[in-house]
Amino acid sequence: MALYIITIGIILVSAAFTQKKGNNKLFWILVIMLAYISAVRFQVGTDYPGYVRRFAAIKRGGDGGFEVGILLLARLIIALGGNVQAWFMVTSVVINAAFGYTIVKNVDKKYRIFVLFVYICSTVYFSTMNAVRQYFAIAILLFGFEWLKKKKYLIYVLFIVLASLFHTSAVFMSIYAVMVFIDDRKNVSILKGLNIAVMISVVLMFLDIRPYAEMLINYIPARYTSYFLNENFREKFFETRNALAIFKCIVPTLIWFYIYGKRHVISEKYKHFNLFMIGWAIYVTLSNAFYGINIFIRVYMLYEYFILYLIPIVIDSFKLKSNKTIIVIGIAVYYIALTSYGIFYKNGCGVIPYDTIFGKQLF
C-alpha cells in the first residue's frame, strides 16, 4: 500500500508544479514508473494466479482458455524463451503506453499529469493489474480511437475486431462506433437521446432488474453463458450484488448532467467533445443500471476511461482561477476517497499487498 500512496503523492505534487504549462517529459517518466510498478509485480491482482496457471498450460501445449490473440502472444513469448513474468511485462508496457498515448492525444498539456492521477485513483490503473486481457484489448481500442476521430469508421471497426481477439468483450464497443457514426451525420445528434437513457438509468438504480436481465443470455457470447447457467458462477456473478457500488455512480452521473447542460458552449472549444460524451453516456447508463453486478461490470468498464478526457473539460468550464482550484481539489478529494475505500480498505482488484518478482522463482 505504501508504494501506491507514495506514487499517488508524487503524481499529485508533479501535477501541482506543472499546472500552468505542463511538462511532457515528466509526464512520460511518470507513465514509465506506473508501467514498471505493474510489470514487476508478483501475486498482485485477483486474477494473477489464474494467469500463471493458464500460462503453464500453454507451455504444456494447451490453449489456457485464452482468446486467440492472447494465446498467440503467450506462445510468441514462450518461443522467445520468456516466462510468465515476461507476459506480464509486455502487457503492462502496452497497456500503460496506450493510456499515456491517449492522454497526450486528447488532453491539454497542463492537465496531463493530473489526468494521470485520475487514471490511478479512478481505480482504472489498479484494474489493469487484474483484468489484464480486457485492458490489453482496451489498449488496442485506445490506439484505434485516433482513427475514429478522423472518421475512419472501417479502420476503427478493424481495431474492434483485433481487440476482440484478446478479449471478447471488445465487441461491445461496436455499440459506441454505431452511435458515433449516427452522430456524425449532418444535423443529427444523439446526445438528447443518450440524456434520456441516463435519466432512465438513474431510476433503474433504485430498481432490481436482475430477474429480467437473465433474458440477455440468448444475446451474449457463448463463453460468458456459464456466468448465468452454472449455479456456482450464477450466485457469484449474477445473483449477488455489491450494493455499496451505487455510491460510485453518483459523481459520474453528476458529471454527465453538468457537461450535458454546458454542451453547446463546450463543443465550440473541443472538436471531439461529442465522441467523449457518447462514450461517457454509455458508461453512466450501464453502470447506473447494473452497478455491482460483475458480469455487467466487464461491459461498462470498456467505457470507463472516457472520464480521462472529460475531467479537464469540467475544470476548464470554470472561468475563474479560484473556481478551477476548488473543482480540482474537489475532484482530487473524491478520487482519493474512492481509492482509499475501494482499493486500500476493500482491496479491490486484489492489488494489496504489493510484492515484486525480485528474488522469486518463476518458471
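For the structure, see preceding data.
Structure report, in brief. As the structure is a computational prediction, the values presented were derived from the model and not from experiment. (Residues numbered from 1 in each chain as written. Predicted model: local features only at pLDDT ≥ 70, side-chain atom pairs only at ≥ 80, totals over all residues. Heavy atoms only, no water.)

## Describing the overall build of the chain
Our working rule: Secondary structure elements are defined from DSSP: runs of H or I of at least 4 residues count as helices, runs of E of at least 2 residues count as strands, and each element is numbered from the N terminus. Whether a residue is buried, partly exposed or exposed follows from its accessible area with a 1.4 Å probe, protein chains only, as a fraction of its type maximum: under 20%, in between, or over 50%, in that order. The contact criterion used throughout is that any non-hydrogen atoms of two residues lie within 4.5 Å.
A tally of helices and strands in the chain yields 20 helices and zero strands. Burial status across the chain gives 53% buried among its 363 residues. In the chain, once contacts between residues fewer than 6 apart in sequence are set aside, the share between residues at least 24 apart is 77%.

## Re the environment of alanine 281
The residue alanine 281 is located in helix 17 (residues 273-290) in this model. For alanine 281, a relative accessible area of 0% translates into the label buried. Placed 29 residues apart in sequence, alanine 281 and proline 252 show a C-alpha to C-alpha distance of 9.5 Å.

## Some details on the pattern of salt bridges
Under the convention used in this document: Whenever a carboxyl oxygen of Asp or Glu lies within 4 Å of a side-chain nitrogen of Lys or Arg, that contact is scored as a salt bridge.
Applying the stated criterion to the full structure yields six salt bridges. Between lysine 269 and aspartate 316 there is a salt bridge; the shortest N-O distance is 2.9 Å. Of this pair, lysine 269 sits in the loop between helix 16 (263-267) and helix 17 while aspartate 316 sits in helix 19 (residues 307-316); the two residues are 47 residues apart in sequence, bridging distant segments of the chain. Aspartate 316 gets classed as buried once you look at its relative accessible area, which sits at 17%. Residues joined in a network through salt bridges with shared partners are Lys269, Asp316 and Lys324.

## Considerations on the packing of aromatic side chains
Note the following rule: Note on ring pairs: Phe, Tyr and Trp rings are taken, using the six-membered ring of Trp, and paired if centres are within 6.5 Å. Classes follow the plane angle, with under 30 degrees stacked, over 60 edge-to-face and the rest tilted. Note on criteria: charge over ring means Lys NZ or Arg CZ within 6 Å of the ring centre, with the direction from the centre no more than 35 degrees off the ring normal.
Under the criterion given, the structure shown has 35 aromatic pairs. Note that arginine 263 overlies the ring of tyrosine 260, its terminal NZ or CZ placed 3.9 Å from the centroid.

## Regarding the environment of glycine 64
Position of glycine 64 among the secondary structure elements: in the loop between helix 3 (48-59) and helix 4 (68-79). Once the C-alpha coordinates of glycine 64 and valine 52 are considered, the two residues, 12 residues apart in sequence, prove to be 9.8 Å apart. Ignoring any residue separated from it by four or fewer positions in sequence, one finds glycine 64 in contact with Arg54, Ala57 and Ile58.

## Comments concerning a nonpolar patch on the surface
Note the following rule: Each patch is built from residues that are more than 30% exposed by relative accessible area and take part in no salt bridge. Like charges join if they lie within 9 Å; nonpolar side chains (Val, Leu, Ile, Met, Phe, Trp, Tyr) join within 5 Å. Note on areas: Shrake-Rupley with a 1.4 Å probe; residue coverage comes only from the protein chains shown.
A surface patch of nonpolar side chains, amounting to about 670 Å² of accessible area, comprises Leu244, Phe247, Ile250, Leu254, Tyr341 and Tyr345. Of all the elements in the fold, those that place two or more residues in the nonpolar patch are helix 15 (247-261) and helix 20 (321-345). Considering every element that reaches the nonpolar patch, the biggest residue donor is helix 15, with three residues. Along the chain, the position of phenylalanine 247 falls in helix 15.

## Some thoughts on helix 17
Where we set the bar: For a helix, the expected span equals 1.5 Å multiplied by the number of residues minus one.
The first and last C-alpha atoms of helix 17 sit 26 Å apart over 18 residues, in line with the 26 Å expected at 1.5 Å per residue. Of all 18 residues in helix 17, 16 are buried, a share of seventy percent or more. Glycine 292 lies just past helix 17 and shows a positive phi near 75 degrees.

The values are spatial; any link to function lies outside them.
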